[in-house]
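So you can see what is in the structure, the chains are spelled out below.
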Amino acid sequence: MGLFAFWVVLPLARRSADDLAGLMVLSAQTWAELPPATRPAFEVELLKSHALVLRADPPGVARDEWHPPYFYLLEDALARRTGHAQHLVREELDTGTWYWASVPAGSGQLSVGLSASRIDSQPVTAFFVAIFVGFAGAVGISIWLARRLTQPLAQLEAASALIGQGGMPVLLPETGPLEMVRLSRRFNAMAQQVRDLLSTRTTLLAGVSHDLRTPLARMRLALEMLRDKPDPGLIDRMDRDIEQMNQLIGQVLDLARGLAHEASVPTDVAALLQQLADEHASTDTPILVNCPTVQLAVAPAALRRALGNLLQNALRYAPGQPVELVGDVSRTRVRLGVLDRGPGIAPEHLDAVFEPFHRLETSRSRATGGAGLGLAIVRELARVHGWQVQLQARPGGGLQAWITIEAPPQAARV
């Protein structure tokens, strides 16, 4: 409040007092320059329009009495304009209270009277009114800002509660203050991840229930046949079905609980590719390795599993054709590729094949198409370890699968 009075009310009062002092001095000088016959009309107009009175008598003896604050400002303004300090003389007349000042007029002095009713302002009242208006404005702005901040928070709370109940919330608008925009963006990313997880869970449950029915049906049939006549071949087939179900459930559990992050250690990438080639190569399908010797800080077991899944897909869909394991090393990254000469994948399916249980081969046979989880596991391993996995059509026919790893600064050729 003190700052408001000092920076707003006081400058306005000083400006008004200076204007009034100038009017008083100008009125006295104008009166002195007018012909005597026109002075009475001027005095009437001055009283009517400005509540000022001129008279030749001196204002009287000034007494050190209290004036309203505005009149002290007027005394200072008159002192600056007339060149001498004076104290306004207060006089009670029939027409009310008047304040008189002596003002130079021509070669003499004139008394200029100012009616107290002319200064009808109430600074204290105006001050408190201004304070009240400012306070009301501050409260209104505060309420508006509070609603602007709390409304996104209320939307966030409702969306969070909906997620907690298993629902699918609508994405929050990314507007408002910078902090709320960041919070909404993070929440939307989390909500999208929840959607993806729920969708993946549904897909996993549906896929498992579907893929377990076939071996279960074969096992039931084998059990019925074993009632009549024991057959080692049926027992072996049941054992294979059990192993198949065990592998399927293990893969599903890996995806359901997320693949654990493995610590990075210096790894000879060329040696890792050569080990994979030696393990999977056969006389019918040779595996060629083309990778420079390089040490790379990477999770070896995760990389081995991801490349192994890609290699198994290449061997399954390109039997009898050579498969290449390629390493492309640069200063900023290492790209490891599995290249085959199989039938390839149509461009519109290159992203869809990473979804769990998505199979291009519709027979559901394990011999020709697998369970449809190999590429999903590769994508999950890449996500956990910060890699990028991509499928591309290979020039000349076939498919090339690439895993891109951003090489840390310590990665160097040896």
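For the structure itself, look to the data block above.
Presented here is a report on the structure given in the accompanying data block. (Residues numbered from 1 in each chain as written. Predicted model: local features only at pLDDT ≥ 70, side-chain atom pairs only at ≥ 80, totals over all residues. Heavy atoms only, no water.)

Section: the overall build of the protein
Secondary structure summary: the protein contains nine helices and 12 strands in total. Within the span of the protein, comprising 414 residues, buried residues form 36% of the whole. At a minimum sequence separation of 6, the contacts of the protein that also span at least 24 residues come to 65%. Of the accessible surface of the protein, which amounts to about 24,300 Å², a share of 58% is contributed by carbon and sulfur atoms. (Helix = DSSP H or I, 4+ residues; strand = E, 2+ residues; numbered from the N terminus. Buried < 20%, exposed > 50% of the residue type's maximum accessible area, 1.4 Å probe, protein only. Contact = heavy atoms within 4.5 Å. Areas by Shrake-Rupley, 256 points an atom, 1.4 Å probe, with all protein chains shown as cover.)

Details of the packing of aromatic side chains
Overall, the coordinates contain one aromatic pair when judged by the stated rule. Just above the ring of W100 sits the side chain of R55; from NZ or CZ to the centre is 3.7 Å. Across the ring face of W402, the terminal group of R335 is positioned such that the distance to the ring centre comes to 4.1 Å. (Phe/Tyr/Trp six-rings, centres within 6.5 Å; stacked < 30°, edge-to-face > 60°. Lys NZ or Arg CZ within 6 Å of the ring centre and 35° of its normal.)

A few points about the packing of helix 7 (residues 269-280) against helix 8 (residues 300-317)
Packing of helix 7 against helix 8 leaves a shortest axis separation of 10 Å and a crossing angle of 40°. The pairing of helix 7 with helix 8 is recorded here as oblique in orientation. In the crossing of helix 7 with helix 8, the sense of the turn from one axis to the other is right-handed. Contact residues: helix 7 offers L272, L273, Q275, L276, E279 and H280, while helix 8 offers P300, L303, R304, L307, G308, L311, Q312 and L315. When grouped by side-chain class, the residues that make up the contact of helix 7 with helix 8 number eight nonpolar, four polar and two charged. (Axes fitted to C-alpha atoms, helices over the stretch in contact; angles between N-to-C directions. Parallel < 35°, antiparallel > 145°, perpendicular 65-115°, else oblique. Left-handed = near helix turned anticlockwise from the far one by under 90°. Nonpolar A, V, L, I, M, F, W, Y, C, P; charged D, E, K, R; others polar.)

A look at the side chain of T82
Following the sequence through the fold, T82 ends up in helix 3 (residues 69-82). Within the structure, the side chain of T82 is placed 2.7 Å from the backbone oxygen of L78, a separation counted as a polar contact. Only 3.3 Å separates the side chain of T82 from the backbone oxygen of H84, close enough to count as a polar contact. In contact with T82, other than residues within four places in its own chain, are V25 and P104. (Polar contact = N/O pair within 3.5 Å; in protein donor to acceptor, adjacent residues only side chain to side chain.)

Considerations on the pattern of salt bridges
What the rule picks out here adds up to nine salt bridges. Between R81 and D18 there is a salt bridge, with the nearest N and O atoms lying 3.2 Å from each other. Remark: D18 occurs in helix 1 (residues 2-33) and R81 occurs in helix 3; sequence separation between them is 63 residues. Among the ionic pairs, R394 bridges to E324, the shortest N-O distance being 2.9 Å. One end of the pair, R394, is in the loop between strand 10 (388-393) and strand 11 (399-406); the other, E324, is in strand 8 (residues 323-329), with 70 residues separating them in the sequence. The partly exposed category is assigned to E324, whose relative accessible area is 26%. Residues joined by salt bridges that share partners form a network here, namely D18, R80 and R81. (Salt bridge = Lys/Arg side-chain N within 4 Å of Asp/Glu carboxyl O.)

Notes on the nonpolar core
Note that soluble globular proteins tend to have their nonpolar side chains buried in a common cluster. Residues L303, L307, W387 and L391 are the most contacted members of the largest nonpolar core, which totals 42 residues. Elements represented by at least two residues in this core include exactly helix 7, strand 7 (294-298), helix 8, strand 8, strand 9 (333-340), helix 9 (374-385) and strand 11. Tallying contributions element by element places helix 8 first for this core, with eight residues. Once residues within four sequence positions are removed from consideration, L303 is found in contact with L272, V298, L336, W387, I403 and I405. One finds M24, F71, A101 and V103 within the second-largest nonpolar core, a separate group that totals 25 residues. (Core = buried A, V, L, I, M, F, W, Y, C linked by side-chain atoms within 4.5 Å.)

With respect to the sheet that holds strand 2 (residues 89-93)
In spatial order, the strands read 1-4-3-2; together these four strands make up an open sheet with antiparallel pairing. Looking at strand neighbours, the two that pair on one side only are strand 1 (52-55) and strand 2, the edges of this open sheet. Taken over all neighbouring pairs, the strand axes of this sheet differ in orientation by 35° on average, direction set aside. Here strand 1 runs beside strand 4 (residues 108-115); their pairing, made up of four bridges, is antiparallel. Note that in strand 4 the partner of L52 across the bridge is L114. (Pairing = 2+ DSSP bridges.)

Things to note about the pairing of strand 7
Regular strands show a simple pattern: their side chains alternate between the two faces of the sheet. Residues of strand 7 alternate between two faces, with V294, L296 and V298 buried on one and Q295 and A297 left unburied on the opposite face. Sheet analysis places strand 5 (residues 265-268) next to strand 7, joined by four bridges and oriented antiparallel. Its bridge partner lying in strand 7, D268 is registered against Q295.

A look at the side chain of T267
Relative to the helices and strands, T267 is located in strand 5. A distance of 3.0 Å separates a polar atom in the side chain of T267 from the backbone oxygen of V265. With sequence-adjacent residues up to four places away left out, T267 is seen in contact with L272, V294, Q295, L296, V298 and P300.

A word on the sheet that holds strand 10
Spatial strand order, 6-8-9-11-10: five strands in an open sheet with mixed pairing. Of all the strands in the sheet, just strand 6 (287-290) and strand 10 have a single pairing partner and so form its edges. Averaged over all pairs of adjacent strands, the angle between their axes in this sheet comes to 15°, without regard to strand direction. Where strand 9 lies against strand 11, eight bridges are found, and the strand directions are antiparallel. Across the sheet, residue V338 finds its bridge partner in strand 11, namely A401.

Spatial relationships are all this shows, so hold off on functional conclusions.
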